[in-house]
Structure formats: C-alpha cells, structure tokens
Amino acid sequence: MSAIEPPINEAAIDPASRLDPAPRSSGVWRNAWKRLRQDRVGMVSLVVVGIFVVAGIGSALGLVARHWADEIAVPYAPPSFLAATLGDGLKIESTAGTVLSIDSVDPLEPKKAEIDQLTIKNHQVEKPLVNTLPFGADRRGRDVIEKAIKGAQISIFVGLAAAIVATFIGTVFGGLAGYFGGVANDILEWVYNVFTAIPGILLIFCFAAVLGPGIGSVVTILGLTGWTGVYRLVRAEYIKHRSREYVLAATAIGAGNLSRMFVHILPNISHIVLVQLSLYVVLFIKSEVILSFLGLGVPVDSVSWGTMLNEAQSELILGKWWQLAAATSFMAVFVTAFSLLTDALRDALDPKLR
Amino acid sequence: MGSYLIRRILQMIPTLIGVVLLVFVLFTLFGGDPAEIIGGLGATQQQIDSIRVQLGLDQPWWVRLWILVKQIVTFDWGKSWATQEAVSNIFATRLPATLTVMIPIFILDVTLAIPFALLVAYVRGSLTDRSIMIATTVALSISFLVYIIVGQWLFAFELAWFPVQGWTDSTWTNLKNFVPLPVFLAVMVGLAPQTRLYRSFFLDEIGHDYVRTARAKGVPEKTILLKHVLRNAMIPILTNISIQLPGIFVGSFLIEVFFSIPGLGRETLLAVNRSDFPVIQAVTIYLAVLTMIINLLADVMYKVVDPRVVLK
Amino acid sequence: MSTPKPDTTSPLLDISHLRVSFRVGKSEVVEAVRDISIAVAENETVALVGESGSGKSVTAMSVLRLLPGNALIGDGSSIRFGGTDVLALSRDALREMRGKDIGVVFQDPMSSLNPVFTIGSQIAESLQLHLGMTRKQSFARTEELLAEVGIPEPKARVNAYPHELSGGQQQRVMIAIAIACEPRLLIADEPTTALDVTVQQQILDLLAGLKERHRMSMLFISHDLGVVGSIAERVVVMRHGQIREDGPTARIFGDPHDAYTRALIACRPSLDTRPRRLPVIADFMSDSPEAAAVRAAQLRERKVRPVDEKPILVVSHLKKQYRLKTGLFSRKLIDAVTDASFSLSRGRTLGVVGESGSGKTTVGMMLMRLTEATAGEIVFDGRDFLALDAKALMDYRKRIQIVFQNPYASLNPRFTVGQILVEPMRVHGLLANDAARLAHANELIERVGLPASAIHKYPHEFSGGQRQRIAIARCLTLKPEVLICDESVSALDVSVQAQVLNLLLDLQEEFDMAYVFISHDLAVVKYMADEIMVMNKGEVVEVADADTIYRSPQNPYTKRLLGSIPRGYVAA
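Quick notes on the rules
Residues numbered from 1 in each chain as written. Chains lettered and ligands numbered in written order. Predicted model: local features only at pLDDT ≥ 70, side-chain atom pairs only at ≥ 80, totals over all residues. Helix = DSSP H or I, 4+ residues; strand = E, 2+ residues; numbered from the N terminus. Buried ≥ 20, exposed ≤ 12 C-beta atoms within 10 Å, placed from the backbone. Contact = placed C-beta atoms within 7 Å. Nonpolar A, V, L, I, M, F, W, Y, C, P; charged D, E, K, R; others polar. Axes fitted to C-alpha atoms, helices over the stretch in contact; angles between N-to-C directions. Parallel < 35°, antiparallel > 145°, perpendicular 65-115°, else oblique. Left-handed = near helix turned anticlockwise from the far one by under 90°. Pairing = 2+ DSSP bridges. Domains from an automatic or database assignment. pLDDT = per-residue confidence, 0-100.

Caption draft 1: Layout of the overall build of chain B. Check the secondary structure of chain B and you find 15 helices and 0 strands. Projected onto the principal axes, the alpha-carbon positions of chain B cover approximately 85 × 60 × 35 Å. Expressed as a percentage of the 312 residues in chain B, the buried residues total 33%. For chain B, restricting intrachain contacts to residue pairs at least 6 apart in sequence, the fraction spanning at least 24 positions comes to 68%.

So, in structure tokens, the structure goes:
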C-alpha cells in the first residue's frame with residue numbers, strides 16, 4: 001500500500017507529543033492574504049486596480065468626468081505639453097487689408113438697432129473653445145482624459161458584470177453536472193457541447209445580431225457565451241471532490257446533498273472560481289473593447305475605450321495620436337495590473353515551492 | 001475503432017440538433033423584426049408586410065423550423081437579405097480569402113510558439129524568464145486593435161513597406177503583396193498568449209516524476225526537454241490546437257475588416273450589422289458541424305500521441 | 001550469508017557531515033538532515049530506516065544531487081563516491097555518474113516511468129547514453145535485462161507501454177533501468193512500499209539476487225524495519241534528520257542500544273502475542289519506573305470478549321457488481337465482491353484482510369451504505385439494513401460509523417476541528433444547542449488525546465496521526481455501536497500507528513463497540529481482530545478466528561499471504 005506523503009511540516013511535529021502547537025488558526029483566506037501582503041508586485045497591482053475602481057465609481061457617481069461629452073476645445077486640440085513646443089504655429093494669421101462697409105446696400109440696416117436689442121436679450125453665453133487640453137481633444141473637441149476615465153468606468157463595469165454573470169452560470173451548471181452526474185450531467189453536457197460547437201466569436205456575433213448594441217446587451221452577450229470555461233473547471237472539481245473521503249464522511253454522518261454541495265465542497269473550490277473570475281474580467285474587458293470598436297458594444301451616446309480606438313484610427317493618419325495613446329495606456333495599465341494581481345492571487349491561494 | 005467512430009458520430013446528432021435549436025430560437029424569438037429593418041425608416045406598413053411575406057416570416061414557427069432544417073440538409077440557404085446574393089455563393093467566394101490569410105497565421109503561430117516556449121521553459125526561474133513573463137503580460141494588456149491600428153499606420157502608411165489594403169483574384173499576388181502585413185501583425189500578437197500557454201504545459205510536465213527518473217539516468221537537460229517533456233506536452237498542445245482550429249474559418253474578422261480582405265469573417269460582421277439573418281445562420285451551423293468533425297479527428301489523433309488512450 | 005566480507009577500509013560511498021535544508025516560502029528554512037555520516041562499503045547492503053520526516057529519502061537523493069531546486073546543502077558536507085567528491089563534480093561529470101556508476105529505483109513506478117515511451121526504449125536509452133551501444137545492440141541487451149528482472153516474454157514486452165504492466169512489473173522495469181549499465185551502487189528509495197505484500201516479497205528477492213550476481217552495493221531506504229531485516233547487512237536508523245543508531249543487522253535486531261530503535265522494533269505488532277496495548281515511542285524515551293510498571297502491566301495478554309447470542313451485525317451473501325461500458329452496446333460485469341457473509345458481536349473485532357482489488361474496502365462501503373449492494377442482506381440489530389428508507393436510514397447512521405484511510409483527505413480542509421465535530425451532532429439534532437455540542441466536542445477531543453485548543457484549529461495544522469484521532473472523535477460524537485476502520489492506520493508511521501491502535505482498543509473497551517477492521521497489513525489485523533475474513537479478488541477465501549488462521553491456514557492464498565509477511569531479521 002502506498003504511504004501517503006505528509007507535508008514537510010511533519011518533521012517539526014513530534015507525533016507523540018501532547019504539547020500545544022502554536023495557537024494560530026488561520027483559514028485559507030487569511031493565510032492567502034498574509035502571503036499576498038508579502039508579494040510586492042501583487043500589492044502594487046492591488047493599489048493600481050484600486051485606483052481605477054475608485055475612479056470608476058467616482059465617474060459613475062458623476063464626481064469626475066461628468067462633462068466628458070462637452071465639446072469644450074477646438075477639434076483635435078493637441079495636448080498641453082505638446083502645445084508649448086508648437087507655439088505660434090497655432091495662431092491663424094490675419095489677412096491684411098481693409099474691411100468694406102455694406103451699410104448703404106444692407107436691407108436690414110434700418111432694423112439694426114432693434115436686432116441689437118434682441119441679441120442682448122437672448123444672449124447665450126458661449127464659452128470660448130480652448131486651444132489645448134492636458135492630454136488633447138478628439139475630433140469634436142472633447143477632453144480625452146475625461147473620455148478615458150468615463151471609458152474606464154464603462155469598460156471595467158462591463159467586464160466585471162459580464163464576468164460575474166458568466167462565472168455564476170458556469171459554477172451553478174458545473175456544480176450540478178459534476179455533483180449529481182446522471183441525467184443532470186447528460187443534459188448540461190449537451191448544452192455545453194452545443195455552446196462550444198460554435199466558435200466563440202461567431203456565437204458572440206449571433207447574440208450581438210439579435211440583441212443589438214447597449215451596455216446591458218454586451219453584458220448579456222459576454223455572460224451567456226463565456227460561461228463554458230468555468231463550467232468545465234467547476235464540473236471537474238466537483239467530480240474530483242464528491243468521491244473524496246471528507247465528502248464520504250459527510251454522507252456517513254448524514255449530511256444531505258445540498259449541504260455537501262455548498263457547505264462542504266464549494267468552500268474548497270472557491271479559490272479556483274475566484275481566479276477564473278479574474279481571468280474573465282480581463283478577457284471580457286478586451287472583448288468589450290473590440291465589440292464597441294465594431295459598433296456592437298456600448299450605445300452611440302456613450303464612450304468606452306473601444307469607441308475611442310475607433311475614432312483614433314482615422315485620427316492617426318492625420319497625425320493626431322493622443323486619443324489612441326490615452327485609451328491604450330489606460331487600458332494597458334489597468335489590464336496589466338489586474339493580470340499581475342490575478343497571478344499574485346493565484347500564488348497566494350495555492351503556493352508551490354519554487 | 002469503427003464502433004468508436006460510429007458512437008461518436010451518433011453523439012454528434014443531439015449536439016447538432018441543439019445548435020440548430022439555439023440558432024433558431026435566438027433569431028426567431030429574440031431577433032426583432034428584420035422586415036422593419038430592411039424596409040427602412042420610411043417604409044409603410046404595407047411594404048413591411050410584403051417584405052415579411054417575401055422572407056417567409058409570416059409562417060408559424062414550426063414551419064419556419066422545418067424550412068431551416070431543409071435548408072441545412074440541402075445546403076440551400078436562399079439569398080442574403082441585404083445583397084440578394086446567394087448565400088452558398090457567399091461561402092464559396094469568401095472562404096478562400098479567409099483561408100489564404102488564416103492558414104499561414106495558424107501554422108506560424110504554432111510552429112513559432114513551441115520553440116519559444118521551450119526556450120523560456122529551459123531558462124525557467126531565471127531573470128530572463130521573469131522579464132519575458134512580465135513583457136508578455138504587458139503586451140497582452142494592449143488590445144489587438146491597437147496593434148493593428150499602429151502596425152498598419154507604421155508599416156504601410158508611414159514606412160510604405162507594405163500596401164495598406166487590397167485584394168486581388170490571384171492567390172499568388174495576394175500571398176506576395178497583401179498577406180504579409182496582416183499575417184505579421186496577427187502572428188506577433190498571437191505569439192504572446194500562445195507562448196505563455198505552451199510554457200505552462202512544459203513546466204507542468206517538468207514537475208512530473210518521470211523527469212526525475214530521466215535525470216537519475218544521466219540524461220542531459222536539453223534532451224530531457226526536447227525528447228521526454230516535449231513528447232508528453234504534445235498531448236495538451238494537440239488539445240489546444242484542435243480547439244483553435246475551427247476558429248481559423250471564421251478568420252480574424254478584425255484583420256479582414258482593417259485590411260479590407262473579402263473573407264468570411266468580414267462578411268459575417270457585415271451581416272450582423274445589417275441583420276442579415278440567413279448569412280449568420282448558415283455560417284454558424286456549418287461551422288458548428290466543422291468544429292465537431294475537427295474534435296472527432298483530434299480525439300482520434302490522441303491515440304497516436306498518447307498510448308494510454310483507449311478508444312471505446 | 002555467503003557474500004564476501006565487505007571491505008571497510010575505503011568505503012565505496014562515504015557521506016560525511018551532510019546537512020540539507022529546504023527553503024520554504026520567502027524566508028523560512030526547514031532543516032531536513034542535520035549532520036549525518038554514513039559509509040557503504042563495496043558489496044554491502046546498507047538499509048536506511050526511519051519514519052516520515054526522518055530525512056532518509058533526502059539523504060539518498062543527495063548522493064546524486066537529485067534534490068529539488070529549493071534544497072540547500074550545508075557547508076562542511078561531503079559526499080565521496082569511489083574517491084570522487086560528488087558535490088564538487090561538474091554537471092557533465094555528474095551526469096556521467098548518474099545511471100552508470102550509481103542507479104536509482106524510486107518508490108512509485110507508475111509515475112516514475114515515462115508514459116509515452118515503451119519500456120524497452122526507456123531501458124535502451126541508458127545503454128545508448130552511457131555505454132555507447134547502437135540501437136540494435138541496446139535493444140538486444142534490453143531483452144536480456146527484462147528476462148533477468150523476471151518479466152515474462154521479454155521479446156514481446158519490449159514494446160509495451162508502462163500502463164500496460166502491473167505495479168510489480170513496472171517496478172521490475174525500473175530496476176532494469178537502474179542496473180542496465182552495471183552500476184557499483186544501487187539506491188532503492190522505498191521500492192516496495194507502493195506494492196502489494198505478495199509482490200513486495202518477490203521484488204525483495206529479485207533485488208537480493210541481482211546484488212549478489214552483479215556485485216553491487218545497495219543503499220536501501222525504507223520505513224519498515226521488518227522489510228530490511230531480510231536483505232540488509234547493516235542498518236542505519238534515522239529520526240528527525242539525525243542518526244540514532246548504526247550497526248550490523250543482527251545486533252540492531254538482537255540487541256538495540258538506542259531507545260528509539262528499541263521503540264521502533266517493539267511497537268510493531270508481533271504475530272505471536274496479543275498484548276492489551278502496544279508499546280509506543282514515548283514508553284521507551286522516558287525511563288521512569290512508574291512508566292515501566294504501567295508498560296509491563298499492559299503488555300499482558302488481552303481479554304477476549306465472548307460472542308453474543310444475538311450479534312449486532314449479521315451479513316449474508318453480500319455482493320457488489322459494477323457494469324462497465326466496453327463497446328458501442330456491450331457491457332462488462334465486474335464483480336467487486338462476490339459473496340461475503342459474517343456475523344459480528346459487540347465488543348469484538350472482525351478483521352478483513354486482502355491485497356488491492358480484493359474488495360475489502362467495498363465491503364466496508366456497503367456496510368455504511370455509501371455504496372449500494374447489488375445483492376445480499378445486512379441485518380443490523382435485528383432490522384434489515386438494506387431495506388431502510390431514507391428517513392429510517394438517517395436514524396441508523398448514528399449507529400454505524402467509519403474511519404477512512406487517508407488522514408489528509410478525510411477532514412474538510414475548510415472546517416475547524418470544532419465545526420467538524422459539531423456537524424454530526426447538529427445533523428442528528430443531538431443535545432440542545434451548539435454550545436452544548438461544542439462542550440461535548442471538547443470532551444471527545446481530550447478523550448482521543450488531543451489538547452482542547454485543537455477545537456479552533458484547521459486540519460492542516462495537525463499530523464497524520466492527530467488527524468486520525470480527530471476522525472475517530474468525529475465518529476464518537478454519534479455514539480456508534482459499530483465502527484468500520486478502513487485501512488485507518490495504513491498511512492501512518494509505525495510508532496503513530498501503535499498509538500492509534502491503542503486508542504481504538506481503549507475506546508472499544510469503554511464503549512463496547514464492534515469493529516470491522518479492514519487492512520492489508522496482516523500483523524496489524526492479527527493484533528486487532530478476534531475473527532479474520534481473508535479476501536482475494538472479490539471472493540472470501542477463508543473465515544476463521546485469528547489464531548486458527550495464523551496457525552493453520554487452509555486456503556493456499558492465505559498461506560501465500562502469510563508467507564509474505566516480512567519477518568524482520570531471522571538469525572542465520
């Protein structure tokens with residue numbers, strides 16, 4: 001019979017001893033948090049992600065980037081740091097020459113005083129358009145930074161919401177199929193096969209064709225098409241765990257199916273589900289960006305990193321690169337930080353000796 | 001083997017039925033009213049109704065389902081709602097363009113990722129490994145769109161090394177002029193995730209006991225990696241390839257859109273934008289069948305790669 | 001023994017002042033081996049014996065520098081093989097030594113062999129690498145090697161894959177790989193631990209024969225003193241990374257000097273006596289006269305409880321059949337258990353003995369109704385157990401409980417010990433509220449020998465033996481009348497095993513429980529059981545009371561099983 005390998009701590013514990021081991025008792029999550037705290041890269045990523053989330057919430061509440069849609073600058077206004085070097089090149093030279101007066105032939109001339117009066121009465125304060133913004137303006141003179149922040153809010157929200165939907169569906173399905181087996185498994189495997197028989201992008205296109213653009217639509221599309229990965233994972237885990245001895249022991253003492261599924265097994269796989277959720281967030285943000293780029297994502301009156309990139313494409317040929325840079329760098333920073341955080345999280349939850 | 005194939009083919013039938021049902025339910029119940037869309041904003045109720053009759057939308061759902069099944073079996077999808085082009089013709093003319101671009105991408109992706117991943121696995125744990133991992137993480141955080149936008153702008157527009165867009169009827173001309181830039185960009189972008197994935201396969205295998213036995217035998221590290229580990233890692237690599245293979249038929253629609261390549265991907269995207277249901281339905285169902293066939297082939301291939309597999 | 005006297009002047013392998021530690025996590029360092037020195041002479045077999053965590057495997061792996069990446073060899077360590085300093089060798093020179101001068105046999109042959117290459121090519125690889133043979137030559141020699149290690153039909157088997165062979169045959173292949181280039185030293189790391197008892201004996205014989213024929217030295221690592229007694233000339237006993245004793249086999253067994261060695265020898269159940277209690281390590285480590293008196297008292301023969309008129313458990317013709325899909329429409333029927341019948345009284349123990357695949361675990365599963373029997377009858381305290389509906393079954397679940405084999409898998413890693421113990425009481429509505437249940441849990445934890453503070457801890461903070469105690473405590477919360485021990489001590493070290501067995505006997509006396517004790521280890525079963533049921537491939541081959549089985553076994557399989565029990569050292 002094989003001797004089961006005990007963990008290396010065994011060496012330190014004298015099996016015959018009745019002395020009290022050190023009085024610490026941390027569960028998985030507290031241990032993981034302790035490990036995460038020691039991971040410098042992980043902590044930095046956590047802070048960066050946190051900043052974005054705070055900015056996103058602030059944007060949603062209207063505290064920042066509220067007026068992103070206001071056309072406050074001249075079209076394609078360059079960024080401030082660039083404008084300084086461009087200097088006089090921005091000024092339009094006035095032409096020399098006199099201005100002719102047409103008062104003698106102007107039919108409205110008698111009414112001029114009246115018109116002036118009306119103009120003063122109905123005066124609309126029009127703010128002058130600024131020439132530069134901190135990171136420039138787009139074709140319609142909107143602030144690129146504000147758009148990027150608003151876009152962050154939308155893209156991150158969509159990614160997160162879709163990830164939660166997909167993870168929820170996949171976990172429930174996977175749990176039912178893996179734990180119960182039998183007919184439930186057969187039916188769910190059939191559903192899984194149907195969804196995976198269609199290549200992913202195509203499935204997204206089908207749903208997009210039917211549901212049209214819109215934030216809720218994107219979340220639904222990504223959520224309903226993306227659950228298959230976590231389903232596979234959770235199902236395999238439930239199959240693995242349901243014949244483990246601690247579950248058999250639970251059966252032996254009389255615990256019911258629901259108890260075994262949710263109270264016993266689920267806490268043992270929740271860390272895997274969490275990592276999968278994080279991977280989904282990254283994947284769905286990138287998917288949303290592409291969908292929005294193609295016009296299948298967020299509605300026209302909204303902004304996302306994807307719509308920014310859409311505009312950026314034609315701007316680049318004109319030499320205006322700042323919207324592209326803003327959208328790309330915001331997205332790159334967030335996704336990199338989130339990916340590194342996911343890696344750190346995975347290491348913290350399931351450390352292996354390196 | 002024969003009975004295994006028969007059993008697998010029989011198993012494909014319920015899946016295929018499911019796909020058809022999914023497509024049907026999706027487009028019929030949730031699809032909105034295409035007659036209105038096609039009629040346009042100014043159409044009268046009469047015009048919309050007549051369009052509806054024309055498209056067969058006034059029939060009860062079971063009739064429409066039956067029509068759908070007939071269309072699948074006879075390969076006759078009628079005409080595109082938008083362009084009136086026969087759907088089968090769309091397939092025939094667009095597929096070659098997609099394949100001309102995607103096959104080189106696919107082959108290059110796989111053949112380049114394996115040696116890269118082997119190299120990275122060889123230097124695992126070192127500074128090189130860590131920096132490559134961080135570099136790929138950053139590279140992956142930038143959207144594919146950006147690479148194409150910048151790449152197209154830089155190499156075609158600014159440097160004029162390649163044409164910006166274009167396509168001809170001659171495959172050879174296409175391969176020479178219009179394929180290199182898209183393929184280059186797609187492979188560059190695809191290499192990062194592929195390499196990371198294969199690296200994880202290799203590292204997984206390296207942790208197994210048989211590697212320790214090989215070391216105890218005195219086998220050099222390089223041989224261990226190239227012979228023992230690679231051979232075992234081919235199993236998950238093969239799985240990965242078989243999952244990605246169906247995707248090349250839809251093509252990278254982004255590439256096709258940016259470079260105006262008249263392929264199936266771009267066609268599908270146009271169909272989505274125009275609510276051209278017959279085209280989307282046809283592409284979906286045929287690709288589903290293709291995916292199932294590819295999966296079956298992959299499973300049979302497993303027997304070659306993994307001697308433990310027993311096909312029952 | 002007829003081997004020439006080992007040359008002790010210049011040892012073949014000279015390990016001196018070896019220190020090995022492991023880097024765990026970011027900054028922690030765990031010491032595995034602390035300053036040990038071992039010498040193996042030419043043509044000598046040295047056994048390295050110790051329990052888990054003793055550092056024996058780490059020592060063996062250090063010889064060829066096969067340690068994992070986070071291992072650190074301390075300064076001052078020295079390993080010399082045939083005069084060469086192994087620790088200072090270049091990687092190329094080290095690779096030459098591996099496989100050619102020193103061969104290694106690992107514990108688990110299934111995972112140690114490459115699954116995608118044929119066994120022939122794996123053996124031939126060694127020959128081609130070190131002896132420069134051509135493909136043809138190497139494969140010819142491979143066939144000879146396969147024959148030598150006892151693989152039937154070597155010519156055909158050369159192209160077999162590892163998964164097509166049995167465990168014993170896989171290990172023979174591993175041995176063939178190790179000796180292919182005629183090494184001077186063979187390191188065998190627990191080579192028989194993963195194998196069935198009957199196969200174990202064959203492999204030991206094979207190794208002894210090879211060693212003689214090829215004039216090899218052997219470093220044999222094991223946790224089982226009984227196994228090494230028959231094969232080693234010298235025994236080195238290790239504990240917690242240090243050497244406790246080092247001497248010729250005869251002396252170690254006949255006249256052990258060190259207390260730990262004496263404890264190790266003593267706490268294995270012997271086949272001849274059935275004391276009330278097994279000695280444990282603590283008994284030997286403390287020398288107080290009170291302890292000695294208690295020890296002596298407890299080593300007297302055990303009282304046997306007589307058979308009841310109405311036994312609590314009567315099992316008749318229990319059967320379990322599985323249906324496997326083998327083809328498109330065909331099914332194969334597998335008999336896990338064909339026909340098991342026995343009866344069991346309170347306070348008595350039925351031992352169920354067999355190798356892997358014998359069906360003994362399935363019997364336990366059926367008794368617990370964790371697996372449903374295909375046919376047969378179980379009468380539990382007069383009621384038809386198999387016919388109980390779900391509600392009645394819940395009631396009965398309190399009366400029969402099970403302790404599983406793997407202490408690392410039978411406790412939910414996410415529950416605290418307190419939660420583990422309270423749950424059964426809560427499910428059955430025992431006691432008034434959670435506070436009362438927790439109090440009862442505290443009592444039970446102390447009853448099984450763990451401190452009260454254990455209640456708030458998680459399973460991963462405990463050792464294997466401690467976890468089994470927790471599992472036993474969990475069963476006790478329901479006050480069962482029948483307890484099934486499914487290989488409950490098989491995964492534990494010998495000394496820990498003795499403690500748990502003592503605990504089980506104490507509890508049986510106190511609560512008058514009936515035990516079904518399932519195990520592959522005959523010595524342990526003989527110690528625990530009043531009656532024994534021997535199983536082979538699903539069939540019950542013999543049922544008799546314990547002494548009869550051992551003194552006069554009837555069935556040939558039983559005889560073979562008894563013959564494979566490692567006897568330890570037998571004076572020549």
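Caption draft 2: Region of the structure containing the overall build of chain C. From N to C terminus, chain C includes 22 helices and 21 strands. With respect to the principal axes defined by its C-alpha atoms, chain C has extents near 75 × 65 × 50 Å. Counting across all 572 residues of chain C, residues that qualify as buried make up 48%. Within chain C, residue pairs in contact and separated by at least 24 positions form 69% of the contacts whose partners lie at least 6 positions apart.

Caption draft 3: Just the interface of chain C and chain B, in detail. On the side of chain B, 21 residues touch chain C, which itself brings 27 residues to the contact. Looking at the side of chain C that touches chain B, the elements that each hand over two or more residues are helix 2 (91-97), helix 3 (109-112) and helix 4 (119-131) of chain C. Per element, the largest residue contribution to the side of chain C that touches chain B is 4 residues, and it comes from helix 4 of chain C. Residues belonging to the side of chain C that touches chain B are distributed by class as follows: 11 nonpolar, 9 polar and 7 charged.

Caption draft 4: Highlighting the packing of helix 9 (residues 228-242) of chain A against helix 11 (residues 257-293) of chain A. Residues and elements named next belong to chain A. With their axes 10 Å apart at the nearest point, helix 9 and helix 11 run at an angle of 155 degrees to one another. Between helix 9 and helix 11, the angle falls in the class roughly antiparallel. At the point where helix 9 passes helix 11, the crossing takes the right-handed sense. On helix 11, the residues that touch Gly229, Val230, Leu233, Val234, Glu237, Tyr238, His241 and Arg242 of helix 9 are Ile265, Asn268, Ile269, Ile272, Val273 and Gln276. Of the residues in the contact of helix 9 with helix 11, the class split is 8 nonpolar, 4 polar and 2 charged.

Caption draft 5: Here's a closer look at the sheet that holds strand 16 (residues 383-384) of chain C. Residues and elements named next belong to chain C. Here 4 strands make up an open sheet; going across it, the order is 13-12-15-16 and the pairing antiparallel. The open sheet has two free edges, formed respectively by strand 13 (331-344) and strand 16, since each of these has just one partner strand. Pairing geometry for strand 12 (residues 313-325) and strand 15 (residues 375-380), over 5 bridges, is antiparallel. Note that in strand 15 the partner of Lys319 across the bridge is Ala375.

Caption draft 6: Spatial organisation of helix 11 (residues 259-266) of chain C. Residue and element names in this part refer to chain C. Summarising burial for helix 11: 6 of the 8 residues are buried, a large majority. Within helix 11 the residues assigned to the buried category are Tyr260, Thr261, Ala263, Leu264, Ile265 and Ala266. As for helix 11, its buried residues are in contact with helix 9 (225-229), strand 10 (234-239), strand 11 (242-248), helix 10 (249-254), helix 12 (281-285) and helix 19 (494-511).

Caption draft 7: Structural detail: the packing of helix 1 (residues 2-29) of chain B against helix 4 (residues 61-74) of chain B. Residue and element names in this part refer to chain B. It is the contact of helix 1 with helix 4, at a shortest axis distance of 11 Å, that shows an interaxial angle of 130 degrees. What the angle tells us is that helix 1 and helix 4 run oblique. Taken as a pair, helix 1 and helix 4 cross one another with a handedness that is right-handed. For the pair formed by helix 1 and helix 4, the contact residues are Val20, Phe24 and Thr28 on the first element and Trp61, Arg64, Leu65, Leu68, Val69 and Ile72 on the second. Grouping the amino acids of the contact of helix 1 with helix 4 by side-chain chemistry returns 7 nonpolar, 1 polar and 1 charged.

Caption draft 8: Representation of the domain arrangement of chain C. Residues and elements named next belong to chain C. For chain C, the domain assignment lists domain 1 (40-65 + 90-266) and domain 2 (346-375 + 388-567). Measuring from the centre of the C-alpha atoms in domain 1 to the corresponding centre in domain 2 gives 34 Å. Between domain 1 and domain 2, the residue contacts involve 15 residues of the former and 11 residues of the latter. Mapped by element, the contributors of at least two residues to the side of domain 1 that touches domain 2 are helix 8 (197-214), helix 9 and helix 11. Sort the elements by how many residues they give to the side of domain 1 that touches domain 2 and helix 8 lands first, with 4 residues. Its residues placed into classes, the side of domain 1 that touches domain 2 shows 4 nonpolar, 8 polar and 3 charged.

Caption draft 9: How the structure looks around the confidence of the model for chain B. Averaged over every residue, the pLDDT of chain B is 84; residues scoring 70 or more account for 95%. Mean pLDDT per element in chain B: helix 2 (residues 34-39) of chain B is the minimum at 67, and helix 10 (residues 209-216) of chain B is the maximum at 94.

Caption draft 10: Region of interest: the confidence of the model for chain C. All names here are of chain C. Confidence in the prediction of chain C, expressed as mean pLDDT, is 88, and 95% of residues score 70 or more. Here helix 13 (residues 289-298) is the element of chain C with the lowest mean pLDDT, 69, and strand 18 (residues 482-486) is the one with the highest, 95. Interface scoring of the predicted complex returns ipTM 0.84; its pTM is 0.84.

Caption draft 11: Spotlight on unusual backbone geometry. All names here are of chain C. Although it is not a glycine, Glu182 sits at a positive phi angle of roughly 50 degrees. Even without being glycine, Asp381 reaches a positive phi, approximately 50 degrees. Within the secondary structure layout, Asp381 lies in the loop between strand 15 and strand 16.

Caption draft 12: Broad picture of the environment of Leu226 of chain B. Within the fold, Leu226 of chain B resides in helix 11 (residues 221-244). Sequence-wise, Leu226 of chain B and Val53 of chain B are 173 residues apart; in three dimensions their C-alpha atoms are separated by 64 Å.

Caption draft 13: Seen up close, the sheet that holds strand 10 of chain C. All names here are of chain C. If you walk across this open sheet you meet the 6 strands as 7-8-9-3-10-11, and the pairing is mixed. The outermost strands of the open sheet, each flanked by one partner alone, are strand 7 (102-105) and strand 11. Averaged over neighbouring strand pairs, the angle between their axes works out to 15 degrees when direction is ignored. Bridge count between strand 3 (residues 45-50) and strand 10: 5 bridges; the pairing is parallel. Paired with Ala47 across the two strands is Val235, which belongs to strand 10. Where helix 11 meets the sheet, its contacts fall on strand 10 and strand 11, and the angle it forms with strand 10 comes to roughly 100 degrees.

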